[in-house]
Amino acid sequence: MRTRRWPIRSIGITVGLLACLAGPAAQAQSQSPTQSTPTPWRETSTPEEQALDAAAFEGVQATLATPQFADVDSAVVVLRGRVVYRFYRDGEPDKLRDTQSASKSALSALLGTAIAQGRIASVDQRVVDLVPEWAPLNPDPRAATITLRHLLTLTAGFSQASDPRTRSGNAPPLPAREAWARPLAADPGQAFAYDNSVTPLLAAVLEKATGMPLPDYAHQQLVGPMGWAAPRYQGSIVHLRTLDMAKLGQLYLQHGQWDGKPLVPEAFADASVQVQSTGGPPVGLSYGYLWWVVPGKAPRPTFMASGFGGQFIWVYPPMDLVVATTSTVSAESGQRGQALQWIRNHAFAAAQRRVAAERK
């Protein structure tokens, strides 16, 4: 069967690489239907499962030892709710790793929980209604119409012209008040523009709505219930275990449920990983609520969180497959795109072999 390749633009990584990543997913949809009730999360395996895992992933470790994938620091592969492969170049599975903008997707989850609790009315609530003290900071009348949805979909309209690093996804975020005071280059909701300063804006909205510091709310809603190691917060960047990155992907794969309990409202979780905006640079994909979405006709599309330099949570619903990676944080690592190449050429193929082994 010929693999389909979709023309997807890419800024900051090899052109066409994401299209290659989508290609096998498109091919496999008819082969591996989505599980209606994914297996509960498991980090342990039976001896029989371990033997099949080892056979399917044979050679994968060797590929990561080659210079071709030297940028990849860690990887966790989860298939049908069970961890089937782990790699840590430094041998430290519990190390908290720099996720860069991949942590935006965790922020999306927290906003969903705040809406479910009635702390925020809906994604269509105006930001100035949630944080009234920001109203006088921006004289443009369009700023008063910016909603939470606009921030979540990166369509608020704030000008990005002052920092050329925006197109690579590496522009440093501004403090919330400065971020809100920026001039608008477009009407809210009209144009996608990648904006790292959305993170402090949304964090400030959450803290105002919940009445508690963001780390405390995150611990209450995600970290504790999902058994994450306590994250390390460094400005707007969150350091997580690679395993916990994979757990976040699994949470959204399971429509916001964890161990049978709804942590994120199903409607919000599902909307988050459906196309809400046409998207654009630096990844060149469509966009949901702080998740990138691979366009296509599948009922549940492939979606991912992406961080500068090669930090990824890649989720392929037709196989109940989650792959989390971290990489060296550098512009060069981002240009080489080794983590995505490894996911496409090795992790995905090994997961297909593992699924096929169960059918024999």
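What you see is a predicted model; the values in this text were computed from it and never measured.

Visitor: Just checking my understanding: could you explain the overall build of the protein for this structure?
Guide: Looking only at helices and strands, one finds 13 helices and 13 strands in the protein. Relative to its full complement of 360 residues, the protein shows a buried share of 57%. Sequence separation of at least 24 residues holds for 66% of the intrachain contacts in the protein that already meet a minimum separation of 6. Here the protein displays about 14700 Å² of accessible surface, and carbon together with sulfur accounts for 54% of that area.

Visitor: I keep staring at the environment of serine 327 and nothing clicks. Help me out?
Guide: Position of serine 327 relative to the elements: it lies in strand 13 (residues 321-327). Among the residues examined, serine 327 registers a relative accessible area of 5% and is labelled buried. Note: C-alpha distance between serine 327 and aspartate 98 (229 residues apart in sequence) is 8.7 Å. If we skip the residues at most four places from it in the chain, serine 327 touches Asp71, Val72, Asp73, Gly309, Gly310, Gln311, Ser333 and Ala339. Here the side chain of serine 327 touches glycine 310 through a polar contact of 2.8 Å, landing on its backbone oxygen.

Visitor: Mind showing me how you'd approach the nonpolar core here?
Guide: Counting residues in hydrophobic clusters, the biggest one holds 105 residues, and the most contacted among them are Tyr252, Leu321 and Trp342. If you tally residues by element for this core, the top one is helix 13 (residues 338-359), at nine residues.

Visitor: Explanation requested: the packing of aromatic side chains in the structure shown.
Guide: How two aromatic rings sit relative to each other is given by the distance of their centres and the angle of their planes. This structure, assessed with the given rule, holds 15 aromatic pairs. Summarising the aromatic geometry, the rings of phenylalanine 268 and tyrosine 289 are spaced 5.4 Å apart at their centres and angled 40° between planes, so their arrangement reads as tilted. Pair noted here: phenylalanine 268 is in helix 11 (residues 266-272) and tyrosine 289 is in the loop between strand 9 (285-287) and strand 10 (292-293), with a separation of 21 residues, a long-range link. Each member of the pair, phenylalanine 268 together with tyrosine 289, is buried. In this structure an aromatic cluster arises from ring pairing among Phe192, Tyr194, Tyr287 and Trp292.

Visitor: Which parts of the structure should I look at to understand the sheet that holds strand 3 (residues 97-98)?
Guide: Sheet strands pair via backbone hydrogen bonds, and the direction of the pair is either parallel or antiparallel. Read from one edge to the other, the open sheet built from three strands follows the order 3-5-4, with strand pairing classed as antiparallel. Two strands close off the open sheet at either side, each with one partner strand: strand 3 and strand 4 (232-234). Relative to strand 5 (residues 237-240), strand 3 runs antiparallel, the two sharing two bridges. From the neighbouring strand, aspartate 98 faces strand 5, where its bridge partner is histidine 239.

Visitor: What is the right way to read the side chain of serine 330 from this model?
Guide: Along the chain, serine 330 falls in the loop between strand 13 and helix 12 (331-336). From its side chain, serine 330 meets the backbone nitrogen of serine 333 in a polar contact 3.0 Å long.

Visitor: Just checking my understanding: could you explain the pairing of strand 12 (residues 311-316) for this structure?
Guide: Side chains on a regular strand alternate between the two faces of the sheet. Counting buried positions over the six residues of strand 12 gives six, a clear majority of the element. Two strands pair when backbone bridges link them, and strand 12 and strand 13 are joined in this way by five bridges, in the antiparallel orientation. From the neighbouring strand, isoleucine 313 faces strand 13, where its bridge partner is alanine 324. Hairpin remark: strand 12 followed by strand 13, antiparallel, with four residues in the connecting loop; positive phi at aspartate 320, about 50°.

The rules behind each value
Residues numbered from 1 in each chain as written. Predicted model: local features only at pLDDT ≥ 70, side-chain atom pairs only at ≥ 80, totals over all residues. Heavy atoms only, no water. Helix = DSSP H or I, 4+ residues; strand = E, 2+ residues; numbered from the N terminus. Buried < 20%, exposed > 50% of the residue type's maximum accessible area, 1.4 Å probe, protein only. Contact = heavy atoms within 4.5 Å. Areas by Shrake-Rupley, 256 points an atom, 1.4 Å probe, with all protein chains shown as cover. Polar contact = N/O pair within 3.5 Å; in protein donor to acceptor, adjacent residues only side chain to side chain. Core = buried A, V, L, I, M, F, W, Y, C linked by side-chain atoms within 4.5 Å. Phe/Tyr/Trp six-rings, centres within 6.5 Å; stacked < 30°, edge-to-face > 60°. Pairing = 2+ DSSP bridges.

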